[in-house]
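# An overview of the molecular structure
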Amino acid sequence: MQRSLLVSRWEVHVTDQAHTVEHHHDEEGTRLGFWLFLYTELFLFGAFFLVYAVYRSAHVDEFKIAAESLNTTLGAVNTIILLTSSLTMVLSLDALKSGAVKLAKIFLITTILLGLAFLVIKGFEWAAKFEHHLFLQTASGIAAGEGSPLLTPGPEMLPNGQVLFFGLYFIMTGTHALHIIIGGIWMGLVYYWISKGSITPDNTGVLERSGLYWHLVDVIWIFLFPLYYLVA
Amino acid sequence: MTTHEKTFNPRLALIIFASLVTLTILTVLLSGINVSDGTAVIIAMLVASLKAALVLIFFMHLNHEPLIFKIFLGVAFFTLLVLFVLTFSDYVYRGIA
């Protein structure tokens, strides 16, 4: 009974395939699947935020002192840059859906450029930290004597809370910057596919999903910004 | 080329963007006021949550998605909340945090 049911279903499936000329594509299901992927990203960063919350509550004063060394103006400018890039991403999708392909491409390239601007500013911030002997250390680097005197046990070492703060700062903003880079490469590909004609006003799924990814990266920054730059 | 139901109208996106920028300026200004650390973090997180909600609902088009998308989001955030509550219940009990 069970077996015959399976077989008949399978036959129906085969007949369907043989008679369907157009490839079936479930746009809504694809989007739901992409949201599931975004939740894995939420938990990747969620774990970081949890570690931050625990260590911050254990070292409130040290975290505030360390946070004061971060440049609030640069952080705020980067926040505005990312928000603007989210806007241009939305406008790019809207433009493409309305058939304005050229406008969509202009908005998309603007989004990529804003992402680049974010990375450049982030780069300057990191460089300023490196100059002050604050960077991510590796165990092998420390063993080779290349560790920072501020972050390795010794007379100059910062209090534990500050060492934890800077470690988390580099890990969290670094992981976030990596997502900006991935998003930028993806949008570059989308730009190419629009130019080639494989993404069209009737087939916007890939642009839509790269937009969802970009907005999620923006949402993560929305939380990173106050936690690192404001509550000092 | 087929006709498209949507016409390009950036009005809503611009309104949301303006709100996001306003909230960013607000949160920077609020960080200047002198309150206890706990209060400052709560205020900053409330503003950030509001901004995140605007992005999720309007920029990520959750307002146009079926109910199942919203249920998924709720489950994800609830699970994250459980992680935080369980972890902190342990740390607070031990007097570490």
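Values in this document were obtained by computation on a predicted structure and should not be read as measured data. (Residues numbered from 1 in each chain as written. Chains lettered and ligands numbered in written order. Predicted model: local features only at pLDDT ≥ 70, side-chain atom pairs only at ≥ 80, totals over all residues.)

### Observations regarding the overall build of chain B
Selection criterion: A helix here means a DSSP run of H or I that spans at least four residues, while a strand means a run of E at least two residues long, and both kinds are numbered starting from the N terminus.
Secondary structure summary: chain B contains three helices and zero strands in total. Counting from the amino terminus, helix and strand elements in chain B follow one another as α-α-α. Principal-axis analysis of the C-alpha atoms gives chain B an extent of 65 × 35 × 15 Å.

### Details of the overall build of chain A
Formally: Just to be clear, the radius of gyration here is over C-alpha atoms, and the globule rule we use is 2.2 Å times residues to the power 0.38. Any residue with 12 or fewer other C-beta atoms within 10 Å of its own C-beta is exposed, any with 20 or more is buried, and the rest are partly exposed; the C-beta atoms used are placed from the backbone. Residue pairs are scored as contacts if the distance between their C-beta atoms, which are placed from the backbone, is within 7 Å.
From N to C terminus, chain A includes eight helices and zero strands. For chain A, the sequential pattern of α-helices and β-strands runs α-α-α-α-α-α-α-α. Against the globule reference of 17 Å for 232 residues, chain A gives a C-alpha radius of gyration of 24 Å, more extended than a compact globule. The principal-axis extents of the C-alpha atoms in chain A amount to approximately 75 × 55 × 35 Å. Out of the 232 residues belonging to chain A, those deemed buried represent 34%. Taking the contacts inside chain A whose residues are at least 6 apart along the sequence as the reference set, 74% of them involve residues at least 24 apart.

### Points about helix α7 (residues 160-196) of chain A
Helical periodicity: at 3.6 residues per turn, an α-helix aligns residues three or four positions apart in one direction. Applied cut-off: Multiplying 1.5 Å by the residue count of a helix minus one yields the expected span of that helix.
A rise of 1.5 Å per residue sets the reference length of α7 of chain A, with its 37 residues, at 54 Å; its end C-alpha atoms lie 54 Å apart and thus fit the reference within 8%. Phi turns positive one or two residues past the end of α7 of chain A, at G197 of chain A, with a value near 95 degrees.

### A closer look at the packing of helix α4 (residues 72-97) of chain A against helix α8 (residues 205-230) of chain A
Residues and elements named next belong to chain A. Where we set the bar: Lines fitted to the C-alpha atoms define the axes, with helices restricted to the stretch that makes contact. Angles between their N-to-C directions range from 0 to 180 degrees. If an angle is under 35 degrees, it is roughly parallel; if it is over 145, roughly antiparallel; if it lies from 65 to 115, roughly perpendicular; otherwise it is oblique. By definition, any crossing whose near helix is turned counterclockwise from its far helix by less than a right angle is left-handed, and any crossing with a clockwise turn is right-handed.
Between α4 and α8, the shortest axis-to-axis distance is 10 Å and the interhelical angle comes to 165 degrees. Regarding the angle of α4 to α8, the classification is roughly antiparallel. As α4 packs across α8, the resulting crossing turns out to be left-handed. Here T72, G75, T79, L82, L83, S86, M89, V90, S92, L93 and L96 of α4 lie close against α8, whose contacting residues are L207, E208, G211, W214, H215, D218, W221, F225, Y228, Y229 and L230.

### So, the interface of chain A and chain B
What counts is decided by this rule: Three residue categories are used. Nonpolar comprises Ala, Val, Leu, Ile, Met, Phe, Trp, Tyr, Cys and Pro, charged comprises Asp, Glu, Lys and Arg, and polar comprises the others, including Gly.
Taken together, the 37 residues of chain A in the interface contact 37 residues of chain B. Elements with a contribution of two residues or more to the side of chain A that touches chain B: α2 (27-58), α4 and α8 of chain A. Of the residues contributing to the side of chain A that touches chain B, the split by class is 26 nonpolar, seven polar and four charged.

### Details of the domain arrangement of chain B
The test is simple: The domain boundaries here were taken from an automatic or database domain assignment.
Segmentation of chain B into domains returns domain 1 (8-64) and domain 2 (65-97). A C-alpha centroid distance of 21 Å is found between domain 1 of chain B and domain 2 of chain B.

### What to know about the nonpolar core
This is how it is decided: The nonpolar core criterion groups buried Ala, Val, Leu, Ile, Met, Phe, Trp, Tyr and Cys residues into a set whenever they are joined through C-beta atoms within 7 Å.
Counting 67 residues, the largest nonpolar core has I220 and L224 of chain A as the members making the most contacts within it. When residues of this core are traced back to their parent elements, those giving at least two are α2, α3 (60-67), α4, α5 (101-131), α7 and α8 of chain A together with α1 (11-30) and α2 (37-59) of chain B. Counting residues per element, this core draws most heavily on α8 of chain A, which supplies 17 residues. When near neighbours in sequence (up to four residues on either side) are disregarded, L224 of chain A contacts M172, T173 and H176 of chain A.

### Let's talk about the packing of α3 of chain A against α7 of chain A
Residues and elements named next belong to chain A. Contact geometry for α3 and α7: axes closest at 8 Å, N-to-C directions at 55 degrees. One finds that α3 runs oblique with respect to α7. Crossing geometry of α3 relative to α7 is assigned as right-handed. When α3 is examined against α7, the residues E62, F63, I65, A66 and A67 are found in contact with a partner set consisting of G161, Q162, F165 and F166. A per-class count over the contact of α3 with α7 returns six nonpolar, two polar and one charged.

### Focus: unusual backbone geometry
Of note, the phi angle at H133 of chain A is positive, near 60 degrees, even though the residue is not glycine. By the element assignment, H133 of chain A lies in the loop between α5 and α6 (139-143). For H61 of chain B, which is not glycine, the phi torsion reads 60 degrees and is therefore positive. Structurally, H61 of chain B can be placed in the loop between α2 and α3 (67-94).

### What about α2 of chain B?
Look at α2 of chain B: 32 Å from first C-alpha to last across 23 residues, which is about the 33 Å you get at 1.5 Å a residue. All of the buried residues along α2 of chain B are A44, V47, A48, K51, L54, V55, F58 and F59 of chain B. Those residues of α2 of chain B that are buried lie in contact with α4 and α8 of chain A together with α1 of chain B. Positioned one or two residues after α2 of chain B, H61 of chain B has a phi angle of 60 degrees, which is positive.

### A look at the confidence of the model for chain B
Inclusion rule: Each residue gets a pLDDT score, which is the predictor's confidence in that residue and runs from 0 to 100.
For chain B, per-residue confidence averages 91 on the pLDDT scale, and residues scoring 70 or more make up 94% of the total. Taken together, the chains of this predicted complex give a pTM of 0.88 and an interface ipTM of 0.92.

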